[in-house]
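Examining the three-dimensional arrangement
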Amino acid sequence: MVFYELVMTTKNTTPFKNLTELVKTVSNQIVDKGGIVRGVQNHGIRELPHRFKAKYQDQVTGMRYFDKGRFISMYYDSNPKTMREVEGILRQSNDIVLRQTHLKVRNKMWYVNIVNENKNPYIKMVAEMEKQGKLE
């Protein structure tokens, strides 16, 4: 199984009940396919870096362009097929979700190897420069 991070940007006008239903639907899909949901974080409503255009007008306000959005992160383990099914669920709920991004989170061993001098040529180069006194 692969450890994924899902970052969703949803409309700031979406009722909390609908967001909860969407997160439950995605979580149930992951668990039904043998995955593990590690956590869900609601980062709240924030200013967007640029104006986002929704596929359809919002039913509540009639707006199609959004300057603010709610950011939600989900962390889960699953196989790649389940990840694509989750993306399909989010694409179908375009009345709620403005953008979605799946990130493949690196495991802790990657961070151990990046500091290991034998595995990282940049660290080797910097260590040699320190020995020669070029870095101070």
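Quick note: structure is the one above.
Everything numeric in this text was worked out from a predicted model, so none of it was measured.

If you look at the biggest cluster of nonpolar residues, it comprises 17 residues, and the most contacted ones within it are Leu6, Met8, Leu22, Val26, Tyr76, Val86 and Leu90. Elements represented by at least two residues in this core include exactly β1 (2-11), α1 (16-32), β3 (65-78) and α2 (80-92). The biggest single contributor to this core is α1, with five residues. For Leu90, the residues in contact, after removing those within four places along its chain, are Leu6, Met8, Leu22, Val26, Val97 and Gln100.

Our focus in this paragraph is the side chain of Arg70. Positionally, Arg70 belongs in strand β3. When residues no more than four places from it in sequence are discounted, the contact partners of Arg70 are Met8, Thr9, Thr10, Asn12, Phe16, Leu19, Asn42, Gly44 and Ile45.

Looking now at the packing of aromatic side chains. The full count for this structure, using the stated rule, is one aromatic pair. Judged by centre distance (5.7 Å) and plane angle (40°), the ring pair of Tyr4 and Tyr76 falls under tilted. Here the residue Tyr4 occupies a position in strand β1, and Tyr76 occupies one in strand β3, the gap between them amounting to 72 residues. Classification of Tyr4 by relative accessible area gives buried; the value is 6%. Its relative accessible area of 0% is what places Tyr76 among the buried residues. Positioned above the aromatic ring of Phe3 is the side chain of Arg38, whose terminal nitrogen or guanidinium carbon lies 4.5 Å from the ring centre. Here Arg99 stacks its cationic end above the ring of Phe52, 4.2 Å away from the centre of that ring.

Rules used throughout
Residues numbered from 1 in each chain as written. Predicted model: local features only at pLDDT ≥ 70, side-chain atom pairs only at ≥ 80, totals over all residues. Heavy atoms only, no water. Core = buried A, V, L, I, M, F, W, Y, C linked by side-chain atoms within 4.5 Å. Buried < 20%, exposed > 50% of the residue type's maximum accessible area, 1.4 Å probe, protein only. Helix = DSSP H or I, 4+ residues; strand = E, 2+ residues; numbered from the N terminus. Contact = heavy atoms within 4.5 Å. Phe/Tyr/Trp six-rings, centres within 6.5 Å; stacked < 30°, edge-to-face > 60°. Lys NZ or Arg CZ within 6 Å of the ring centre and 35° of its normal.

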